[in-house]
Structure formats: C-alpha cells, structure tokens
Amino acid sequence: MNTAQAPRRILVAIKRVVDYNVRIRVKPDGSGVMLDGVKLSINPFDQIAVEEALRIKEKGLADEVVIATIAPADAQSMLRNALAMGAQRALHVVADTALEPLAAARVLLKLVEKESPFLVILGKQAIDDDNNQTGQMLAALWNRPQATFASKVELTATTARVTREVDAGLETLEVDLPAVVTTDLRLNEPRFVKLPEIMKAKTKPLETIPLASLGGASDLRVKATRTEPPAARQRGIMVKDAGELFAELHKRGLV
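The shown structure was predicted, so the numbers you read here are calculated from the model rather than taken from an experiment.

Basis of the calculations
- Residues numbered from 1 in each chain as written.
- Predicted model: local features only at pLDDT ≥ 70, side-chain atom pairs only at ≥ 80, totals over all residues.
- Heavy atoms only, no water.
- Helix = DSSP H or I, 4+ residues; strand = E, 2+ residues; numbered from the N terminus.
- Buried < 20%, exposed > 50% of the residue type's maximum accessible area, 1.4 Å probe, protein only.
- Contact = heavy atoms within 4.5 Å.
- Core = buried A, V, L, I, M, F, W, Y, C linked by side-chain atoms within 4.5 Å.

Q: I tried to follow the overall build of the protein on my own but got confused; where do I start?
A: From N to C terminus, the protein includes six helices and 11 strands. Projected onto its principal axes, the C-alpha positions of the protein cover 85 × 45 × 40 Å. When each of the 255 residues of the protein is scored for burial, the buried share is 41%. The contacts in the protein between residues at least 6 apart in sequence include a share of 70% that link residues at least 24 apart.

Rendered as structure tokens:
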C-alpha cells in the first residue's frame, strides 16, 4: 500500500511584458505598441508572486514551486529567470498571440487540474493591459476561494490568512485552501538573482505545452481598433496666491 503523500505544490502564473523601465512607443500606423528590439521581462506583480511562493517554500510550508506562462516560443528566457530565482519547474504553454483574461484563466485551469496545487499565486494585474481579471476568473472557474491585492500572506495547513489593500485601508480575509491569491506591490521585494543560480536554472525542467493540446483558443472577443499615445502634457503656470489659482481653475472650467 502506497502511503506517500502528494507534494504540496504552489503554481505561480507569470506574464511577459515590456519592461517597466522602457518608454512605450506607439507604431506609426496606430496598430499597437512597438515591440521590435524592446526589452521584455516578467510582469513586476508576477515577480512578486514568484518571490512570495519561494518564501512560503523556504518556511517549509510547500514542497515545490512551479512557474507557468502562456507566451510565444521565444519567452523561455523569462521562465529561466523565474527558475533562477529558486522555482523547481516551469510550464510553457506556447501561444502565438496574446490571450484575453478569460481564455488565459481557462488555460491556467487546465494546468491546475494537471498539477493539483494547494495554492495558485498571480500578480494582481499586468502592466501592459491592466485588466486585473485573470486571477478572479481562475478562482471562479476552479470554484475555489480567492484573495486579491495581497500585502501579507500567512498560511496554515488548511487556510490562508491574507491582508489585502482596499480603498478604506487594509482588510484581512481567511480562506480555505486550495485558493487563488493575487499579489500587490507591498507584499515583498523580489530577490536579486546571482550568476550561479542563472547557470543552475539552465538545467531545471521546462515543459513545453502546445496551446491546442489544452483546448485553448486565442479567439479575441475584444478588438483594439487603434492605439494612440497620451496627449502631451501642457506647461504649468505660476500663480501668486489662492485667489489667482481659483480664478485660473474657474477659467478652465475645473471648478
């Protein structure tokens, strides 16, 4: 009789985006953002999710951290970076085009069913589209609790106690595991990856999965018809006192 227990596994979903230090430029024809020759990296909120999963494992509360992404074939360097941070395995669902949040959540659900994690962690949103939807949709499809915008995560064997940032301040939730948690900026500061870890990451398992094998569809329900840069910022003016400030705001129809 086999009495071995299944490993306690955390699945972390990450997305490749234009690096936050890069100045975004719109294509001349307005068809989208220029990506040729632009540095791409892990979405900052997702990097925080990876760090939190690793800290949970280092506390002895998890046995394995698995990274997953849905991205084109050339995105493996991003996965290797997450492996260099300390994750044990990576899953690369190869998709030629970006998926909308619902389609991404459906693909992630297939990975959840495959890996049976007790916790799924994602960044609260990606900095390219700012949708803030995938984690919530995954929780609904999985029929498991969710705790979003986490600024602190405390685990027991069966529950997650999550402090989350809301408009009125901080709110604390306790959810049963398995669950989905999305991370906010103040949860942690991701670790610096050293060269030896980068070298070790090259030999860690990285499984490539065709999107079609998971039943994923890249059909878009929302189509961007045109992309435009924001209007140039107008020069400011100096005012002598509050009265002059009010008069100027009134003239511009702002008060």
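We are not done yet, so read on.
Q: I would appreciate a short explanation of the side chain of asparagine 43 in the present structure.
A: By secondary structure assignment, the location of asparagine 43 is in the loop between strand E3 (40–42) and helix H1 (44–58). The buried category is assigned to asparagine 43, whose relative accessible area is 0%. Each residue touching asparagine 43, except ones within four places of it in the same chain, is listed here: Lys15, Val17, Gln125, Ala126 and Ile127.

Q: Is there a simple way to explain unusual backbone geometry in this structure?
A: Peptide bonds are, in most cases, trans, and in most cases residues other than glycine have a negative phi. For the bond running from leucine 177 to proline 178, omega is 0 degrees, close enough to zero to count as cis. One can find proline 178 in the loop between strand E9 (169–176) and strand E10 (179–183). We note that asparagine 132 has phi near 55 degrees; this positive angle belongs to a residue other than glycine.

Q: How should the environment of asparagine 81 be read in this particular structure?
A: Structurally, asparagine 81 is set in helix H2 (residues 76–85). When its relative accessible area of 29% is taken as the criterion, asparagine 81 is described as partly exposed. Considered as a pair, asparagine 81 and valine 193 are 112 residues apart in the sequence and their alpha carbons are 8.0 Å apart. Not counting residues within four places of it along the chain, the set of residues in contact with asparagine 81 comprises Ile42, Gln47 and Val193.

Q: In this structure, what is going on with the nonpolar core? I would like to understand it.
A: The tendency in soluble globular proteins is for nonpolar side chains to be buried as a group. Counting residues in hydrophobic clusters, the biggest one holds 40 residues, and the most contacted among them are Ile10, Val12, Ile14, Ile67 and Leu119. Those elements that provide at least two residues to this core are strand E1 (9–14), H1, strand E4 (64–71), H2, strand E6 (119–123), strand E7 (146–155), strand E8 (159–166) and E10. Membership of the second largest hydrophobic core comes to 25 residues, among which are Leu11, Ala68, Ala95 and Val112.

Scope: geometric values only; no functional claims are made or implied.
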